[in-house]
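# Results of the structural survey
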Amino acid sequence: SQELEQSPQSLIVQEGKNLTINCTSSKTLYGLYWYKQKYGEGLIFLMMLQKGGEEKSHEKITAKLDEKKQQSSLHITASQPSHAGIYLCGADLTGDKIIFGKGTRLHILP
Amino acid sequence: GAGVSQSPSNKVTEKGKDVELRCDPISGHTALYWYRQRLGQGLEFLIYFQGNSAPDKSGLPSDRFSAERTGESVSTLTIQRTQQEDSAVYLCASSPGVGTQYFGPGTRLTVL
C-alpha cells in the first residue's frame, strides 16, 4: 500500500491559473518535503514543513502542513511555463528515513 | 564538487549481466539513500544508510539487489543478473541526518 498519496496524478493548467497539489498520509508526518523535478532532470528542493499549521512561501509557490500533520498542499499562484514538471512530496513517517509519493505531473498550457 | 555525484551517468547492459552504480555523497552527510525512478513514475525507496547503523533494506525489490556503504562515504548499488524491468533512473541522495535530502543527477540504466 502507498503510505503517501499524491493527488492529482497529472494536472494540465492554463498559464496564469492557480493550482493545488495535495499530499496525504494516514500517519503523522514528522517532516514533509516538497521537491520539483523538471522533465529529464534532477530533483530540486522546494520547501520543508515540520510544524502543524506551518506555511511557507517561495516566489509564487506556497506549501502548508495541516494541524494534524497528515496532509500538505502545494499551491501555485498565476502559473507559468517554468512551473511545469513533476512535483514530489517526501515524508518522514517513522523518524528515520524519508519516503516519497508517486508525484504529480504538471503541464502548463501557453 | 560540493554536491552528490553519481557514476556512471548512463549505463546500457545486456539482460543477465551484473551492474554496479556508484554514489559519492556530500562530505559529512551521515545519511545516504538509494531510490529508483521508472519512466514517468515517482521515487521508489530502495535502501537507506544512517551512520554506522544497520541499513534499512526494506525497499530492495529482490535479492538481486544489494548495496554497500563504506563508513560515511561512497556507496555502491549492485544489481545482479539484470532484467529488463530493472531499467530506470537510480537516484542517490544524502542528508546530514533526517532532513533535507540532496540528490545526485542519477544513473540511467537501460537493460536490453
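Everything below is about the structure printed above this text.
This report concerns the structure included in the present document. (Residues numbered from 1 in each chain as written. Chains lettered and ligands numbered in written order. Predicted model: local features only at pLDDT ≥ 70, side-chain atom pairs only at ≥ 80, totals over all residues. Heavy atoms only, no water.)

A regular strand carries its side chains on alternate faces of the sheet. All names here are of chain B. Most of strand 7 (residues 75–79) sits out of view: four of its five residues are buried. Inspection of the sheet shows strand 3 (residues 19–24) paired to strand 7 by five bridges, in the antiparallel sense. The residue bridging cysteine 23 from the neighbouring strand is serine 75, located in strand 7. Alignment of strand 6 (residues 65–69) against strand 7, held across five bridges, turns out to be antiparallel. (Buried < 20%, exposed > 50% of the residue type's maximum accessible area, 1.4 Å probe, protein only. Helix = DSSP H or I, 4+ residues; strand = E, 2+ residues; numbered from the N terminus. Pairing = 2+ DSSP bridges.)

Attention now moves to the pattern of salt bridges. Counting across every chain of the model gives seven salt bridges over all chains. Ionic pairing is found between A:Lys27 and A:Glu3, a salt bridge with its closest N-O pair at 2.7 Å. With a gap of 24 residues between them, A:Lys27 in the loop between strand 3 (19–25) and strand 4 (31–37) and A:Glu3 in the segment before strand 1 (4–7) connect regions that are remote in the sequence. Since its relative accessible area comes to 32%, A:Glu3 is described here as partly exposed. Bridged by salt links that share partners, the residues B:Arg36, B:Arg38 and B:Glu44 form one connected network. (Salt bridge = Lys/Arg side-chain N within 4 Å of Asp/Glu carboxyl O.)

Listed by partner, the interface residues are 17 residues for chain B and 16 residues for chain A. The contact between chain B and chain A buries some 1,400 Å² in all, and 58% of this surface belongs to carbon and sulfur atoms. At the junction of chain B and chain A, the tally comes to zero salt bridges. Linking chain B with chain A are three residue pairs in polar contact (both at pLDDT 80 or more). Counting only elements with at least two residues in the side of chain B that touches chain A, the list comes to strand 4 (31–37) and strand 5 (44–50) of chain B. For the side of chain B that touches chain A, the element with the most residues is strand 4 of chain B, which contributes three residues. A per-class count over the side of chain B that touches chain A returns eight nonpolar, eight polar and one charged. (Contact = heavy atoms within 4.5 Å. Buried area = accessible area lost by both parts, 1.4 Å probe. Polar contact = N/O pair within 3.5 Å; in protein donor to acceptor, adjacent residues only side chain to side chain. Nonpolar A, V, L, I, M, F, W, Y, C, P; charged D, E, K, R; others polar.)

Before going further, it helps to spend a moment on the side chain of B:Arg64. The residue B:Arg64 is located in the loop between strand 5 and strand 6 in this model. Polar contacts involving the side chain of B:Arg64 include one to the side chain of B:Asp86, which spans 2.8 Å.

Turning to the environment of A:Ala78, a few remarks are in order. Residues and elements named next belong to chain A. With respect to the secondary-structure elements, alanine 78 resides in the loop between strand 8 (71–76) and strand 9 (85–92). By relative accessible area, alanine 78 is classed as partly exposed at 25%. Considered as a pair, alanine 78 and leucine 19 are 59 residues apart in the sequence and their alpha carbons are 8.3 Å apart. Excluding residues that lie within four positions of it along the chain, alanine 78 makes contacts with Gly16, Lys17, Asn18, Lys60 and His83.

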